[in-house]
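Close look at the chain arrangement
Below, each chain spelled out in residue letters.
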Amino acid sequence: MQQLSCSVHPKNTWHRVWVYVKAHPWLYLMMIPGLIYLLIFNYVPMYGVVIAFQKFNFVKGISGSKWIGLQNFRELFQSEQFLRVFRNSIEFSLQRLMWSFPMPILFALLLNEVRHAGYKKLVQTVVYIPHFISWVVVASLVINLLQPTRQGAVNTLLGFFGVEPANYLTSPRHFRGIVIAAEIWKTAGWGTIVYLSALTQVDPQIYEAAYIDGANRLQLMFRITLPSIMSTISVMLILRLGSLMNNGFEQIYLLYSPLVYEVADVFETYTYRIGIQGGRYSYSTAVGLFQSVVGFILIISSNYVSRKLGESSLF
């Protein structure tokens, strides 16, 4: 018992950590710029969340503003507008998760089956490029494609089938689908990199053994390839669930209008409109803090469930 307690003593743990740091000093030196960046731009600004409990005065600053406790949060939860935003954020996030999360996995599985190296590299390059295009450019492309006249490519194409021109960006029925489709086009190729990297770790001998046993390519995909990257999928899903309340600001703000607030107004756009444009800094900070707390609970819960199910987890 004495030997066991000594082996797990905190001093021994810190000693092993220090030995590892001394053995790899350059790795930790390379971490310093990133840690400084996180400290300055992520951790220090967290002090500003205290204005959620204040009646913030821009002239007096944080130290001189009046403390009002949970008044902003009471107003927040009693607001019908907030309830609409909360519902929109959840519904929008779930739809994005359902459509955009599986796409990189599916695309990686399909690319993994391509045997012609040159064609495979060409396809990879083409689908990665949209990641480097600004959302401003993507929104401009979407707006031009969906112009409500015959000048728009989509309405022109649908016109051949007798469909009358329509302004789909102002239609609550179509708006979410348009944003999700644009997001898939922009991000799916880049997300594929993670899964393709995981696929390189699969032992080719497993495929050879299964092929000898008579497995076809579809069976190889679902019986070997997909289970082999399940741990990577679990980690990516946990991270995605942690940001479930974050629907992105640019892609929605650049495309939406008051006509689609009913389905398009989410936490990011609501906070911008109320806080920056309306000058209600304390109230908008309370909204952002609520959003962060919900995201934290989601990532802790999903990590716990993943660990209990025997899959990979973040911690």
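Everything here concerns the structure above.
Chains are numbered independently. Their residues run from 1 in the order of the written sequence. Per-residue local features are limited, in this predicted model, to residues with pLDDT of at least 70; the limit for side-chain atom pairs, both in listing and counting, is 80 or more; totals at the level of whole chains, interfaces and linings are taken over all residues. Based on all heavy atoms of the structure, the side-chain values leave hydrogens and waters out of the count.

Examining the overall build of the protein chain
Operational definition: Runs of E in the DSSP output that reach at least two residues are strands. Runs of H or I that reach at least four are helices, and both are numbered from the N terminus. Two things to know: the radius of gyration comes from C-alpha atoms, and the globule rule equals 2.2 Å times the number of residues to the power 0.38. Each residue gets one of three labels from its accessible area relative to the maximum for its type: buried under 20%, exposed over 50%, partly exposed in between, using a 1.4 Å probe on protein chains only. The criterion used for residue contact is that any of the two residues' heavy atoms lie within 4.5 Å. Residue burial considers only the protein chains on display, and all accessible areas are found by Shrake-Rupley using a 1.4 Å probe. Neither His nor the chain ends contribute to the count of charged residues, in which Lys and Arg are positive and Asp and Glu negative. We put the charge of a Lys on NZ, of an Arg on CZ, of an Asp on CG and of a Glu on CD.
Of the regular secondary structure elements, the protein chain holds 18 helices and 2 strands. The globule rule puts the C-alpha radius of gyration for 315 residues at 20 Å, and the 25 Å found for the protein chain is more than 25% above it. Principal axes of the C-alpha set define a box for the protein chain whose edges measure 70 × 60 × 35 Å. Within the protein chain, buried positions represent 34% of all 315 residues. Pairs at least 24 residues apart make up 63% of the contacts formed inside the protein chain by residues separated by at least 6 positions. Accessible surface, the protein chain as shown: approximately 19900 Å² in total, 68% of it carbon and sulfur. Counting 24 positive and 14 negative side-chain charges, the protein chain places the averaged centre of each group 9 Å from the other.

Description of the side chain of Ser302
We apply this condition: Pairs of N or O atoms within 3.5 Å make up the polar contacts considered here, provided that, within protein, one atom can donate a hydrogen while the other can accept it, and that residues adjacent in sequence are counted only when both atoms are side-chain atoms.
Counting through the fold element by element, Ser302 comes out in helix H18 (residues 281-308). A residue is classified by how much of its surface remains accessible, and Ser302, at 11% relative accessible area, is buried. Of the polar contacts made by the side chain of Ser302, one reaches the backbone oxygen of Ile299; its length is 3.1 Å. Not counting residues up to four positions away in its chain, the partners in contact with Ser302 are Ile238 and Leu241.

What to know about the packing of helix H9 (residues 135-145) against helix H11 (residues 175-199)
What counts is decided by this rule: In this description, a line fitted to the C-alpha atoms serves as the axis of each element, helices being fitted only across the stretch in contact, and the angle between N-to-C directions of two axes falls anywhere from 0 to 180 degrees. Angles are sorted into four bins: roughly parallel if under 35 degrees, roughly antiparallel if over 145, roughly perpendicular if 65 to 115, and oblique for all others. Left-handed is the label given to a crossing in which the near helix is rotated counterclockwise from the far helix by less than a right angle, and right-handed is the label when the rotation is clockwise.
Running from N to C, H9 and H11 cross one another at 130 degrees; their axes reach a closest spacing of 11 Å. It follows from the interaxial angle that H9 and H11 lie oblique. The hand of the H9/H11 crossing is right-handed. Each of Trp135, Val138, Leu141 and Val142 in H9 lies in contact with H11, whose residues at this interface are Ile178, Ala182, Glu183, Trp185 and Lys186.

Considerations on the packing of aromatic side chains
Geometrically, a pair of aromatic rings is defined through the distance of the ring centres and the angle of the planes. Quick note on the threshold: Working definition: rings of Phe, Tyr and Trp (its six-membered ring) pair if their centres are within 6.5 Å, and the pair is stacked with planes under 30 degrees apart, edge-to-face with planes over 60 apart, and tilted otherwise. When the NZ atom of lysine or the CZ atom of arginine is within 6 Å of a ring's centre and also within 35 degrees of its normal, the charge is said to sit over that ring.
Using the criterion set out here, one finds 21 aromatic pairs in the structure. Relative to Trp190, the ring of Phe132 lies with its centre 5.6 Å away and its plane at 80 degrees, an arrangement referred to as edge-to-face. Within this pair, whereas Phe132 is found in the loop between helix H8 (117-128) and H9, its partner Trp190 is found in helix H11, the two being separated by 58 residues in sequence. Taking the relative accessible area as the measure of exposure, Phe132 reaches 61% and is therefore exposed. Trp190 sits in the partly exposed class, given a relative accessible area of 38%. With a centroid separation of 5.2 Å and 70 degrees between ring planes, the pair formed by Tyr253 and Tyr272 is classed as edge-to-face. In this pair, Tyr253 sits in helix H15 (residues 250-253) while Tyr272 sits in helix H17 (residues 267-277), placing the two residues 19 residues apart along the sequence. Directly above the aromatic system of Phe92 lies the positively charged group of Arg176, at a separation of 5.6 Å from the ring centroid. Lying over the aromatic face of Tyr283, Arg280 brings its terminal NZ or CZ to 4.3 Å of the ring centre.

Regarding helix H12 (residues 204-212)
With a side-chain oxygen lying 3.1 Å from the backbone nitrogen of Gln205, the N-terminal cap of H12 falls on Asp203. A positive phi of about 100 degrees marks Gly214, the residue just after H12.

Quick word on the layout of surface pockets
Filter applied, for reference: Cavities and pockets are found on a 1 Å grid laid over the protein atoms alone: a cavity is a set of points where a 1.4 Å probe fits but cannot escape, a pocket is an open set with protein on both sides within 12 Å along at least five of seven lines, and a lining residue has an atom within 4 Å of such a point. Grid points are joined across faces, edges and corners, and a volume is the space filled by probe spheres set on the points.
Roughly 590 Å³ of internal volume is contained in the largest pocket. What lines the largest pocket is a set of 22 residues, among which Val49, Thr285, Gly288, Leu289 and Ser292 lie closest to the centre. At the level of elements, helix H3 (25-43), H17 and H18 are the ones that each hand at least two residues to the lining of the largest pocket. A per-element tally of the lining of the largest pocket places H18 first, with 10 residues. Counted as a void, the second largest pocket has a volume near 370 Å³. Around the second largest pocket sit 16 residues that line it, and Pro104, Glu183, Thr187, Gly191 and Arg240 are the ones nearest its centre.

Some words on empty space enclosed by the protein
Quick reminder of the rule: Here the term charged refers only to Asp, Glu, Lys and Arg, the term nonpolar to Ala, Val, Leu, Ile, Met, Phe, Trp, Tyr, Cys and Pro, and the term polar to all other amino acids, Gly among them.
Counted by the stated rule, this structure contains 1 cavity of 30 Å³ or more. One number sums up the size of the largest cavity: a volume of about 30 Å³. Ser93, Arg96, Arg240, Ser243, Leu244 and Asn246 are the residues that line the largest cavity. Partitioned by chemical class, the residues of the lining of the largest cavity number 1 nonpolar, 3 polar and 2 charged.

Some details on the pattern of salt bridges
Under the convention used in this document: For salt bridges, the criterion is a side-chain nitrogen of Lys or Arg within 4 Å of an Asp or Glu carboxyl oxygen.
Taken as a whole and judged by the stated rule, the model has 7 salt bridges. The residue Arg280 makes a salt bridge to Glu75 at a minimum N-O spacing of 2.3 Å. Of this pair, Arg280 sits in the loop between H17 and H18 while Glu75 sits in helix H5 (residues 71-78), and the two are 205 residues apart along the sequence. Classification of Glu75 as partly exposed rests on a relative accessible area of 34%. Each of the salt bridges in this network shares a partner with another, and the network as a whole consists of Arg84, Asp265 and Arg273.

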